[in-house]
Amino acid sequence: MMPNAAAPATEGSDRSVPLHVAIIMDGNGRWAAARGLPRAEGHRRGVEALRRVVRAAHELGVLYLTIFSFSSENWSRPATEIGDLFGLLRRFIRNDLATLHSDGVRVRVIGEREGLEPDICTLLNEAEELTRANTKLNLVVAFNYGSRQEIAGAAQRLAREVAEGKRDPASIDADTLGRYLDAPDIPDPDLIIRTSGELRLSNFLMWQAAYSELVFVPIHWPDFDKAALESAIAEYARRERRFGGLAAKTGS
Ligand code: FPP
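So, here is what we can say about the structure in this document. Note that the coordinates shown come from a computational prediction; the quantities given were computed from them, not determined experimentally. (Residues numbered from 1 in each chain as written. Predicted model: local features only at pLDDT ≥ 70, side-chain atom pairs only at ≥ 80, totals over all residues. Heavy atoms only, no water.)

Section: the overall build of the protein chain
For the protein chain, the count of helices and strands is 7 helices and 6 strands. Tracing the protein chain from N to C terminus, the helices and strands come up as β-α-α-β-α-β-α-β-α-α-β-β-α. Here the C-alpha radius of gyration of the protein chain, 19 Å, is about what a compact globule of 252 residues would show, namely 18 Å. Taking the principal axes of its C-alpha atoms as reference, the protein chain extends roughly 55 × 50 × 35 Å. Looking at the protein chain as a whole, 48% of its 252 residues are labelled buried. A sequence separation of at least 24 residues applies to 77% of the contacts in the protein chain between residues at least 6 apart. Of the roughly 12800 Å² that the protein chain leaves accessible, carbon and sulfur atoms contribute 52%. The distance from the centre of the 32 positive side-chain charges to the centre of the 35 negative ones in the protein chain is 3 Å. (Helix = DSSP H or I, 4+ residues; strand = E, 2+ residues; numbered from the N terminus. Rg over C-alpha atoms; globule rule 2.2 N^0.38 Å. Buried < 20%, exposed > 50% of the residue type's maximum accessible area, 1.4 Å probe, protein only. Contact = heavy atoms within 4.5 Å. Areas by Shrake-Rupley, 256 points an atom, 1.4 Å probe, with all protein chains shown as cover. Lys, Arg positive; Asp, Glu negative; His and termini not counted. Charge placed at Lys NZ, Arg CZ, Asp CG, Glu CD.)

Observations concerning the packing of helix α3 (residues 79-102) against helix α4 (residues 118-130)
Across the interface, α3 lies against α4 with an axial gap of 11 Å and an inter-helix angle of 20 degrees. Relative to α4, the element α3 lies roughly parallel. The two elements α3 and α4 meet at a crossing, and its hand is left-handed. Of the residues in α4, those touching α3 at Phe 86, Leu 89, Arg 90, Ile 93, Arg 94, Leu 97 and His 101 are Asp 119, Ile 120, Leu 123, Leu 124, Ala 127 and Leu 130. (Axes fitted to C-alpha atoms, helices over the stretch in contact; angles between N-to-C directions. Parallel < 35°, antiparallel > 145°, perpendicular 65-115°, else oblique. Left-handed = near helix turned anticlockwise from the far one by under 90°.)

Notes on empty space enclosed by the protein
Under the defined criterion, the tally for this structure stands at 1 cavity of 30 Å³ or more. Approximately 90 Å³ is the volume found for the largest cavity. In terms of lining, the largest cavity is formed by Leu 89, Phe 92, Ile 93, Asp 96, Leu 97, Leu 100, Val 107, Val 109, Leu 124, Ala 127, Leu 139 and Val 141. Residue assignment for the lining of the largest cavity shows that the elements contributing at least two residues are α3, β3 (105-110), α4 and β4 (137-145). (1 Å grid on protein atoms, 1.4 Å probe; cavity = no way out; pocket = protein on both sides within 12 Å on 5 of 7 lines; lining within 4 Å. Points joined across faces, edges and corners; volume = space filled by probe spheres on them.)

Re the site of the ligand
Near the ligand there are 19 residues, and of these Met 25, Gly 29, Arg 30, Arg 39 and Arg 77 occur at the shortest range. The backbone of Gly 29 places a nitrogen or oxygen atom 3.0 Å from an oxygen atom of the ligand. One nitrogen or oxygen atom from the side chain of Arg 39 is found 2.8 Å from an oxygen atom belonging to the ligand. Considered on its own, the ligand offers 620 Å² of accessible surface; in the complex 92% of this is hidden by protein. At a threshold of 2 Å from the grid points, most atoms of the ligand map onto the largest pocket. Looking at the shell around the ligand, the elements that each hand over two or more residues are α1 (28-33), α2 (39-59) and α3. Ranked by residue count, the leading element in the shell around the ligand is α2, at 5 residues. (Near = heavy atom within 4 Å. Polar contact = N/O pair within 3.5 Å; in protein donor to acceptor, adjacent residues only side chain to side chain. Sits in = over half its atoms within 2 Å of the grid points.)

Focus: the layout of surface pockets
A volume near 630 Å³ is recorded for the largest pocket. Around the largest pocket, the lining comprises 30 residues; the ones closest to its centre are Met 25, Asn 28, Phe 68, Ser 69 and Asn 74. Secondary-structure elements contributing two or more residues to the lining of the largest pocket are α1, α2, β2 (64-71), α3 and β4.

Details of the packing of aromatic side chains
Overall, the coordinates contain 10 aromatic pairs when judged by the stated rule. On the basis of an interplanar angle of 75 degrees and a centroid distance of 6.0 Å, the ring pair of Phe 68 and Tyr 145 is categorised as edge-to-face. Placement of Phe 68 in strand β2 and of Tyr 145 in strand β4 is noted, with a sequence separation of 77 residues between them. Look at Phe 68 and you get buried, because its relative accessible area is 9%. For Tyr 145, a relative accessible area of 0% puts it in the buried group. With a centroid separation of 5.8 Å and an interplanar angle of 50 degrees, the aromatic rings of Tyr 211 and Phe 243 are classed as tilted. Separated by 32 residues along the polypeptide, Tyr 211 in the loop between β5 (191-194) and β6 (213-216) and Phe 243 in the segment after α7 (226-238) bring together distant segments of the chain. Residue classification places Tyr 211 among the partly exposed positions, given a relative accessible area of 47%. (Phe/Tyr/Trp six-rings, centres within 6.5 Å; stacked < 30°, edge-to-face > 60°.)

So, in structure tokens, the structure goes:
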């Protein structure tokens, strides 16, 4: 069972712990290569790191944890590796869903469902349905996800409403478009972490990242643990978030 986390502060208040942490779990392949192991072993150890981090995020008072599990661009990898990643998702849901549920974790999935194998869609739907009422931690799984695709989908839905005469184009502003993204009720990430030392967003939450703090850590994802999460959160707490305004000491 997960221990109770400190009560989260009201959304939008000054929190030293981010309400929403999003993670690009990078470096599984390099972790494996450095040890002479197959890439699949890196991904398998990546799932173990994921389990540790879900638990740690809750213990530290994070309310939303978004993980980049499979990107729209990952289809360009060899079929065997794609098969490994899908196999891990299947096993993760089958083996861990009951524990996540009893720990009060709500699972959400963002990304394109079309084109996924039917059994994967069924598992994702089951995970969302079973955990719908849970409130301790929201685990948002970005699967077959790409930010440009998500924004294009939102634009397409809005354009359809305009074409059907249901919407005036002049009514579309940034807030409107934001409401047509995959999970509009989830607050934007306060902190985005990328492991493995790469300094890119790679088509991850680009709309939602407008004012996120970015922390890049040099360790590969399979080595990521609670201490690494705490240290990324400490870095976040040292940042001054201005959201386009002035620094607290200069503004009045
Ligand atoms: C990046 O490492 C990681 C991924 C492409 C997938 C992340 C997946 C997991 C952590 C396991 C699966 C989890 C679920 C819930 C399905 P990389 O392969 O790009 O590493 P490299 O850049 O070192 O090659």
